[in-house]
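Observations on the three-dimensional arrangement
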Amino acid sequence: VIVDTNPVRPAEDIIDSFLEQGWEPYDTLVKAESIVATFSLKGLMKVRKGEALQINKLSVRNGRFHLVLEPNRKMNLRRIFRMKSKPQGKPKDPKDLFWVKKVTVKNFEYSMTQVKKPLKAVPEGCVNWFDLHVMNASAEGSNIRMKNGILTATLEYCNFIEKSGYVCDLVSASTAVGNGQA
């Protein structure tokens, strides 16, 4: 569990509109009932030499991740980990930071809440992209790497339900995001 000891609350002049919609400050960034990682001793020794952490299999069960978009274009993730908005200086050595060969996720939740301004009403059955809550997500992915600030991954499959009632039975993708790339 990673807990935010000082969660951001909406400004006093707009807090009522948030509370009417059932939103309250959420202090837990990420949690899971079970996280199991399989790696080799040889792979761990490589980390000591400055190489990427290599995980053969990663399994997450009954987890939750809550991203909060805070005032001044900040995110709880950046604030908690003291991440700078833009990298400064020369790029670091291009070695991988981590590489996960296979990931399985069961019964995961993802929430994204914006506390900058009151949320606008959306028609029933539509996804509110500023107040997102994905539930019952299951997924498998592979080749998840973080190198030079760019995360690459392949999503073999994913299914989920969004609180609006939107149901995704199957989605798959490959991506590269980070350092201004998407």
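Every value quoted in this text rests on a predicted model; they were computed, and no experiment measured them.

Section: the packing of aromatic side chains
For the coordinates displayed, the defined rule picks out two aromatic pairs. Seen in terms of ring centroids, Phe 65 and Tyr 110 are 5.9 Å apart; in terms of plane orientation they differ by 5 degrees. Their pairing is stacked. Taken together, the positions of Phe 65 in strand β3 (residues 53-70) and Tyr 110 in strand β5 (residues 96-114) put the pair 45 residues apart, joining distant regions of the chain. For Tyr 110, a relative accessible area of 26% gives the class partly exposed. Judged by centre distance (6.4 Å) and plane angle (45 degrees), the rings of Phe 160 and Tyr 166 are tilted. Overall, the relative accessible area of 18% leaves Phe 160 in the buried class. The exposure class of Tyr 166 is partly exposed, given its relative accessible area of 44%. Of note, Lys 101 hangs over the ring of Trp 99, and the distance from its end group to the ring centre comes to 5.1 Å. Above the face of the Trp 99 ring, Arg 145 is positioned so that its terminal group lies 4.1 Å from the ring centre.

Concerning unusual backbone geometry
Despite not being glycine, Asn 62 has its phi angle at roughly 55 degrees, a positive value. With respect to the helices and strands, the residue Asn 62 is situated in strand β3. Unusually for a residue other than glycine, Asn 107 sits at a positive phi of about 50 degrees. Its location among the elements puts Asn 107 in strand β5. Asn 107 gets classed as partly exposed once you look at its relative accessible area, which sits at 36%.

Reading the values: the criteria
- Residues numbered from 1 in each chain as written.
- Predicted model: local features only at pLDDT ≥ 70, side-chain atom pairs only at ≥ 80, totals over all residues.
- Heavy atoms only, no water.
- Phe/Tyr/Trp six-rings, centres within 6.5 Å; stacked < 30°, edge-to-face > 60°.
- Helix = DSSP H or I, 4+ residues; strand = E, 2+ residues; numbered from the N terminus.
- Buried < 20%, exposed > 50% of the residue type's maximum accessible area, 1.4 Å probe, protein only.
- Lys NZ or Arg CZ within 6 Å of the ring centre and 35° of its normal.

As far as function goes, none of this settles anything; it's purely spatial.
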